[in-house]
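# Notes for the structure review
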Amino acid sequence: MNIAVLASGNGSNLQALIEAQARGDLGGGKIVLAAGDKPGALALKRAIKAGIKVFAEDAAAFGTREEFDQALMGALERAGVELVVLAGYMRLLSPAFVSSYEGRIINIHPSLLPAFKGTHGIKDAYDHGVKVTGVTVHFVDVELDNGPIIMQREVPVSEDDTLETLEEKIHKAEHMIYPEAVRLFAEGRLSVKGRKVKILEL
Ligand code: GRF
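Nothing here was measured: the structure is a model prediction, and the numbers come from that model. (Residues numbered from 1 in each chain as written. Predicted model: local features only at pLDDT ≥ 70, side-chain atom pairs only at ≥ 80, totals over all residues. Heavy atoms only, no water.)

### Regarding the overall build of the chain
For clarity, the cut-off: A run of H or I in DSSP becomes a helix once it reaches four residues, and a run of E becomes a strand once it reaches two; helices and strands are each numbered from the N terminus. Only C-alpha atoms enter the radius of gyration, while the globule expectation follows 2.2 Å times N to the 0.38, with N the number of residues. Here's how the labels work: a residue is buried when its accessible area is under 20% of the maximum for its type, exposed when over 50%, partly exposed in between, all with a 1.4 Å probe on protein chains only. When checking whether two residues touch, look at their non-hydrogen atoms; a contact exists if any pair is within 4.5 Å. Residue burial considers only the protein chains on display, and all accessible areas are found by Shrake-Rupley using a 1.4 Å probe. Neither His nor the chain ends contribute to the count of charged residues, in which Lys and Arg are positive and Asp and Glu negative. Taken as the charge centre is NZ of Lys, CZ of Arg, CG of Asp or CD of Glu, depending on the residue.
Check the secondary structure of the chain and you find six helices and nine strands. By the compact-globule yardstick of 17 Å for 202 residues, the chain fits well, its C-alpha radius of gyration being 16 Å. Expressed along its principal axes, the backbone C-alpha trace of the chain runs to roughly 50 × 40 × 35 Å. In the chain, buried positions account for 48% of the 202 residues. If you take every contact in the chain between residues at least 6 apart in sequence, the share linking residues at least 24 apart comes to 61%. With the model as given, the accessible surface of the chain reaches about 10000 Å², and the carbon-plus-sulfur share is 53%. Counting 23 positive and 27 negative side-chain charges, the chain places the averaged centre of each group 4 Å from the other.

### Quick look at the pattern of salt bridges
What counts here: What makes a salt bridge here is a side-chain nitrogen of Lys or Arg within 4 Å of a carboxyl oxygen of Asp or Glu, nothing more.
In this structure the tally under the stated criterion is seven salt bridges. Its salt-bridge partner being Glu-180, residue Arg-153 comes within 3.9 Å of it at the nearest N-O pair. Highlighted residues: Arg-153 in strand β7 (residues 149-156) and Glu-180 in helix α6 (residues 163-186), separated in sequence by 27 residues. With a relative accessible area of 29%, Arg-153 lands in the partly exposed category. Overall, the relative accessible area of 28% leaves Glu-180 in the partly exposed class. Its salt-bridge partner being Asp-161, residue Lys-169 comes within 2.7 Å of it at the nearest N-O pair. Overall, the relative accessible area of 7% leaves Asp-161 in the buried class. Among the charged side chains, a network of salt bridges with common partners joins Arg-183, Glu-187 and Arg-189.

### As for the sheet that holds β7
What counts, and what does not: For two strands to pair, DSSP has to find at least two bridges joining them. Every angle, taken between N-to-C directions, lies between 0 and 180 degrees, and every axis is a line fitted to C-alpha atoms, over only the stretch in contact when it is a helix.
Judged by pairing direction, the sheet is mixed, and its seven strands sit side by side in the order β3-β2-β1-β4-β5-β6-β7 without closing on themselves. Of all strands in the sheet, those with a lone pairing partner are β3 (53-56) and β7, marking the two edges. Strand-to-strand twist in this sheet, taken as the mean axis angle between neighbours without regard to direction, amounts to 20°. As paired elements, strand β6 (residues 132-139) and β7 share seven bridges and run antiparallel to each other. Bridge pairing in β7 links Thr-136 to Gln-152.

### Details of the pairing of strand β9 (residues 196-199)
Bridge count for strand β8 (residues 190-193) against β9 is four bridges, and the pairing is antiparallel. From the neighbouring strand, Ser-191 faces β9, where its bridge partner is Lys-198.

### Here we look at the site of the ligand
Rule in force here: We call a residue near a given molecule or strand whenever any one of its heavy atoms falls within 4 Å of it. Polar contacts, as counted here, are pairs of nitrogen or oxygen atoms within 3.5 Å of one another; within protein the pair requires one atom able to donate a hydrogen and one able to accept it, and residues that are adjacent in sequence qualify only if both atoms are side-chain atoms. For each structure, a 1 Å grid was placed over the protein atoms alone; sets of points admitting a 1.4 Å probe that cannot get out are labelled cavities, open sets with protein on both sides within 12 Å along at least five of seven lines are labelled pockets, and lining residues have an atom within 4 Å of a point. Should more than half of a molecule's atoms lie within 2 Å of a pocket's or cavity's grid points, that molecule is taken to sit in it.
For the ligand, the full set of nearby residues is Asn-10, Gly-11, Ser-12, Asn-13, Gly-88, Ile-108, His-109, Pro-110, His-171 and Glu-174. Contacts to the ligand include Ser-12, whose side-chain N or O atom sits 2.5 Å from an oxygen atom. Surface burial for the ligand is 85%, taken as the share of its 370 Å² of free accessible area covered by protein chains. Under a 2 Å grid-point criterion requiring more than half of the atoms, the pocket assigned to the ligand is the largest pocket. Elements that contribute at least two residues to the shell around the ligand include exactly α1 (12-22), β5 (105-109) and α6.

### Some details on helix α2 (residues 42-49)
Using the following cut-off: Throughout, the arc means the angular range of directions from the helix axis out to the C-beta atoms.
Taken together, the buried positions of α2 are occupied by Ala-43, Leu-44 and Ala-47. All buried residues of α2 project into a common sector of 95° when viewed along the axis, lining one side. Pointing more than 90 degrees away from the buried face of α2 are the exposed residues Ile-48 and Lys-49. Among the structural elements, α1, β2 (30-36) and β3 are those in contact with the buried residues of α2. Where α2 terminates, the next one or two residues include Gly-51, which has phi positive at roughly 80°.

These figures come from the coordinates and say nothing about function on their own.
Below you can see the structure in the form of structure tokens.
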């Protein structure tokens, strides 16, 4: 199954996926394209280093969100992409993009959704004083951090944790569950009914 990873930043989740693929842990999944809206992003450099084709266009050069997404969709189509994996992609997808890949876009979010949606999930949970936070992999719909939940992994917050140590723990959990969720998708083992995602036995 051909996969595109969309990333705007550091790309540590992309890296975890690249390494999982190298170990044969992505089921039949193959990352055929890495795409982003920030051409200088470390994520895209990691992709180039791994020999993955890259779509890197500066979003500011496009008039509208729709125009950028049309260009991106063209690249996905040419690469025969069947699953879109968002990994720190800091742009909202246009409704046209979401509807053309409906049920085939997944995202990872650094909190136990529906708590702490938005761009600062780790800090918001930390500042709130929660004792347990975590990570969520979910399908993407038009609402932010909202679609059906595929997997969650909890991360306890200890009294000694600083925001930085908590961030480290969260990222470690992400790097474990994201490749696993992608593998389940690639193996055709996710069945979605309404908000409920069932993991089918092989
Ligand atoms: C991760 O914390 C992810 O949950 C969030 O953005 C961050 C991306 O990190 N959506 P990286 O670029 O994969 O290192």
